[in-house]
Each structure stands twice: as structure tokens, then as C-alpha cells.
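Spelled out from the first residue to the last, the chains are:
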Amino acid sequence: MDIKKVEGLIRELLIEIGEDPEREGLKKTPYRVAKAYEFLTGGYKKNIKEVINNAVFESEVNNMIIARDIEVYSLCEHHMLPFFGKCHIGYIAENKVLGVSKLARIVDLFARRLQIQERLTSQIAEAVMEEAGASGVGVVMECRHLCMMMRGVEKQNSVMTTSSVLGSLRTEDAARAEFLQLINRQL
Ligand code: ZN
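Here the structure is a predicted model, which means the values were calculated and not measured. (Residues numbered from 1 in each chain as written. Predicted model: local features only at pLDDT ≥ 70, side-chain atom pairs only at ≥ 80, totals over all residues. Heavy atoms only, no water.)

### Remarks on the overall build of the protein chain
The test is simple: Each helix is a run of DSSP H or I of at least 4 residues and each strand a run of E of at least 2, with the numbering of both proceeding from the N terminus. It only takes one pair of heavy atoms within 4.5 Å for two residues to be counted as in contact. Only the protein chains shown count as cover for residues, with accessible areas throughout obtained via the Shrake-Rupley method and a probe of 1.4 Å. We score Asp and Glu as negative and Lys and Arg as positive, and we do not count His or the chain ends. The atoms used to mark charge sites are NZ of Lys, CZ of Arg, CG of Asp and CD of Glu.
Regarding its fold elements, the protein chain presents eight helices and seven strands. Counting contacts in the protein chain only where the partners sit at least 6 residues apart, residues at least 24 apart contribute 69% of the total. For the protein chain, the computed accessible surface area is about 10,800 Å², with 52% contributed by carbon and sulfur atoms. Across the protein chain, the 25 positively charged side chains and the 26 negatively charged ones have centroids separated by 4 Å.

Here's what the structure looks like:
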């Protein structure tokens, strides 16, 4: 990302909304906004192999592994406003498990892009399925969208829930029930 160029664009934006980019409080704002966007959209510059970085380990047992309440912060692609909440991931290991921090890193990889919640949820599920070589994956995400809360319908308390269920968690009722019980949510 060309920071200088984005600084210029934000400066223009400040003028268009009726602000004075030269006033004290705004002088460094274009730079700060550019740096913030660079970070918040950093997922475009990374790929899944870098994120996993070989942290896949052999495992004797094929259990269901659950990570609950992973924080999610993303930007909606319609308004470029934040949406944020929690992500719950479960997968059934097939002799391989992912390092503990990796599920959170996978979430960030896809969340730090312009997104819709539905696509973010399925991208995370597909990545876990692929990288863990899991036989089944379930992802449930619950988020609040500032574009709904601050503008438009101004629904302050609505939480959007999305899910993506793949493999044996899709086909086997018992496995799916176990997953839902473990994340303590009902769909
Ligand atoms: Zn939006």
C-alpha cells in the first residue's frame, strides 16, 4: 500500500466532508488513517501457508477440537465500517492438529480484508478443513455491524449469526450436535 497516496486521498476526504485538514487535531490524521487501513486490510498480503507456518502436529486420537470466543474484527465491504464479534470453530482431527494460536491467526487472515460475514465464515471453515486435513469443520460467527448500528436502520442490539459446516459435521447429526453443544449455541 502506498501510504503517501492514501494520505492524499484521506486529506481530500476530510475537505469533502467539510473539515480543515490543516487544523491541529487533523494534521496527522491522514497518516494515521492510512496506517490503520494498512493494518486492517493486511490480510490481502498474507497467505494461509505463511500463517500456518508448518504448525501442524501429529495426533494419535481423532477428537473434536473446539476454540470458542475467538475475537473477530473486520470491515464490511459495503460501507467499509467495522463489524466485530465472536467466532467459534470446531473440527474433527484426522491424525493432525493445528497449533493452538493458529485458529485465531486464520480468523485474522480473512477478517483483515473487506468482507461480508457470510463469506468470512465460510473462508475460515474451508481453510481449517484444508490445513488441518480435518474430516469435518464447523464455524459459527456472531457479529454486530456498525453500518447497521450507526446508520441505516440503526438497530443497536442486533447480532448477526452465520455458520458454515463442512464434511462429517454436515453429514452426521451426532457430530453436529456435539459441536453445537460444545460451543453452547443452538442454530
Ligand atoms: Zn455494511
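### With respect to the packing of aromatic side chains
As a reminder of what qualifies: Centres within 6.5 Å make a pair out of two Phe, Tyr or Trp rings, where for Trp the six-membered ring is used; the pair is then stacked when the planes are under 30 degrees apart, edge-to-face when over 60, and tilted otherwise.
Overall, the coordinates contain one aromatic pair when judged by the stated rule. Plain terms: the ring middles of Tyr 73 and Phe 84 are 6.3 Å apart, the flat faces sit at 20 degrees to each other, and that makes the pair stacked. Taken together, the positions of Tyr 73 in strand β2 (residues 64-76) and Phe 84 in strand β3 (residues 82-92) put the pair 11 residues apart, joining distant regions of the chain.

### Topic: the environment of Arg 144
For Arg 144, the location among the structural elements is in strand β6 (residues 136-145). Along the backbone, Arg 144 and Met 160 are 16 residues apart, and their C-alpha atoms lie at a distance of 6.4 Å. Not counting chain neighbours up to four residues away, the residues in contact with Arg 144 comprise Pro 82, Phe 83, Phe 84, Met 149, Gln 156, Asn 157, Ser 158 and Val 159.

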